[in-house]
Amino acid sequence: MTWLHHRIWPYEASMTEEDSYISTLLCGVELIHSGVTCFAEAGGQHVPGMARAVELLGLRACLAQSIMDSGDGLPEPWANRTAEDCIQLQKELYRKHHDTADGRIRVWLGIRQIMNSTDDLLLKTRDTARELATVIHMHVAEIPYENQLIVKTRKVEHGTVTHLEKMEFLQNNLLAAHTVWVDNAEIDFLSRAGVKVSHCPAAAMRMLGFAPIREMLDASICVSLGTDGAPSNNRMSIVDEMYVASLINKGREVYANGTTDPTALPAETVLKMATINGAKSVLWDKEIGSLVVGKKADLVVINPRTWSMVPLHDSISSLVYCMRTENIVSVMCNGRWIMKDKKISTVNEVT
Ligand SMILES: [Zn+2]
């Protein structure tokens, strides 16, 4: 909370649209180098700036504004917004930017997190998402304090997910980021509603804790991988996240069940989380997420003939345990090369 209130909010609140454009360019360059063709952004404050950068980079993205209508200590520009203001603002962004850049940009609705949302905002967001047929991006059950506060203020037995279930907020068009502090009953709620979970392993290790990923996958929840934003993970490489996800979820078995289980989260599962589950999480899997005739041409060329990847016995195992960002050579998005021979062709990354 100290980090959020005293570092991140003041910094974020002082950013201009131009800052947002430049930061999206920089993050995008790092994403492309790690072989990312599509990302979902939980939201800064300037969707138009982000959209301009995404259009130029040639990436595919689901963009949302990070929305808050309540909570202690909110910086000036966001402090006096009503739930209705928040909805109108996002409808306008949707109207201007949704399905732009040759269909590469989609606009979603954002909820920063429950501690900064009234129930009115949650319900209006749920209904507006249905009306616009779009997706909601929300940080969910990040820290124990969040659950404790929700138990106290909203009078529910467990925490955020229990409250969202009671409000009928949980739907298959919700991408729940982090989702660390959930119990078995809540995993069941998420599963039955078809909620998608974004596992951001590096950010989890830095600040949040071990998410029950194996249990969520066992409950047939679609779990994908994220880097989280730069404030909580300075690396934007999905290659690093695949490696970290595989390690921490094996290591967590000792902590959660008191036994070592190296079969937890096998390499095949981690690769799926980074590819097809990512596409399912953004409700775009009819067009992207696998190499299939008829889908969009989003693809990554990898050179495995480096000291870090040879010898190559099992290609999936090598992709998860050996590959480095440097092994990604070329990236195509929407049928267009956006990086060739490690050089990004859409922007000049040198200056
Ligand atoms: Zn986050």
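Residues numbered from 1 in each chain as written. Predicted model: local features only at pLDDT ≥ 70, side-chain atom pairs only at ≥ 80, totals over all residues. Heavy atoms only, no water.

## Regarding the coordination of the zinc ion
Right, so step 1: In this structure, His-139 (NE2) and Asp-228 (OD) serve as the protein donors to the zinc ion, at separations of 2.2 Å. Pair noted here: His-139 is in strand 5 (residues 136–140) and Asp-228 is in the loop between strand 8 (223–225) and helix 12 (238–257), with a separation of 89 residues, a long-range link. (Donors = N, O, S within 2.8 Å, 3.2 Å for Na, K, Ca; no water. Helix = DSSP H or I, 4+ residues; strand = E, 2+ residues; numbered from the N terminus.)

## Concerning the packing of aromatic side chains
Right, so step 1: Per the stated rule, a full pass over the model turns up one aromatic pair.
Right, so step 2: Look at Phe-210 and Tyr-255: their rings are 4.8 Å apart centre to centre, the planes differ by 35°, and that puts the pair in the tilted class. Of this pair, Phe-210 sits in the loop between helix 10 (201–208) and helix 11 (213–218) while Tyr-255 is found in helix 12, placing the two residues 45 residues apart along the sequence.
Right, so step 3: Sitting over the ring of Tyr-21, Arg-52 keeps its end group 3.9 Å from the ring centre.
Right, so step 4: In this arrangement the basic side chain of Arg-106 is found over the ring face of Trp-284, its NZ or CZ atom lying 3.7 Å from the centre. (Phe/Tyr/Trp six-rings, centres within 6.5 Å; stacked < 30°, edge-to-face > 60°. Lys NZ or Arg CZ within 6 Å of the ring centre and 35° of its normal.)

## What about the sheet that holds strand 2 (residues 60–65)?
Backbone-to-backbone hydrogen bonds join strands into a sheet, with any given pair of strands oriented parallel or antiparallel.
Right, so step 1: One open sheet accounts for three strands, arranged 1-2-3; its pairing is parallel. Edge positions in the sheet fall to strand 1 (38–44) and strand 3 (105–107), since each has one partner strand and no second. Averaged over all pairs of adjacent strands, the angle between their axes in this sheet comes to 20°, without regard to strand direction.
Right, so step 2: As paired elements, strand 2 and strand 3 share three bridges and run parallel to each other. By the bridge assignment, Cys-62 is partnered in strand 3 with Arg-106.
Right, so step 3: With respect to the sheet, helix 5 (residues 83–97) is in contact with strand 2 and strand 3, its orientation differing from that of strand 3 by roughly 160°. (Pairing = 2+ DSSP bridges. Axes fitted to C-alpha atoms, helices over the stretch in contact; angles between N-to-C directions. Contact = heavy atoms within 4.5 Å.)

## Focus on the domain arrangement of the protein
Right, so step 1: The assigned domain composition of the protein is domain 1 (1–84 + 93–107) and domain 2 (85–92 + 108–340).
Right, so step 2: Distance from the C-alpha centre of domain 1 to the C-alpha centre of domain 2: 18 Å.
Right, so step 3: Contacts between the two partners involve 50 residues from domain 1, matched on the other side by 55 residues from domain 2.
Right, so step 4: Surface buried jointly by domain 1 and domain 2 totals about 4,500 Å² across both partners, of which 58% is contributed by carbon and sulfur atoms.
Right, so step 5: For domain 1, the biggest contributors to the area lost against domain 2 are Arg-60, Ile-67 and Glu-84; these three give 16% of the whole.
Right, so step 6: A salt bridge links Glu-12 to Arg-112; its shortest N-O distance comes to 2.7 Å.
Right, so step 7: Inspection of the region where domain 1 meets domain 2 yields 31 residue pairs in polar contact (both at pLDDT 80 or more).
Right, so step 8: Elements supplying a minimum of two residues to the side of domain 1 that touches domain 2: helix 1 (2–13), helix 2 (17–33), strand 1, strand 2, helix 5 and strand 3.
Right, so step 9: Of the residues belonging to the side of domain 1 that touches domain 2, the class tally is 25 nonpolar, 13 polar and twelve charged. (Domains from an automatic or database assignment. Buried area = accessible area lost by both parts, 1.4 Å probe. Salt bridge = Lys/Arg side-chain N within 4 Å of Asp/Glu carboxyl O. Polar contact = N/O pair within 3.5 Å; in protein donor to acceptor, adjacent residues only side chain to side chain. Nonpolar A, V, L, I, M, F, W, Y, C, P; charged D, E, K, R; others polar.)

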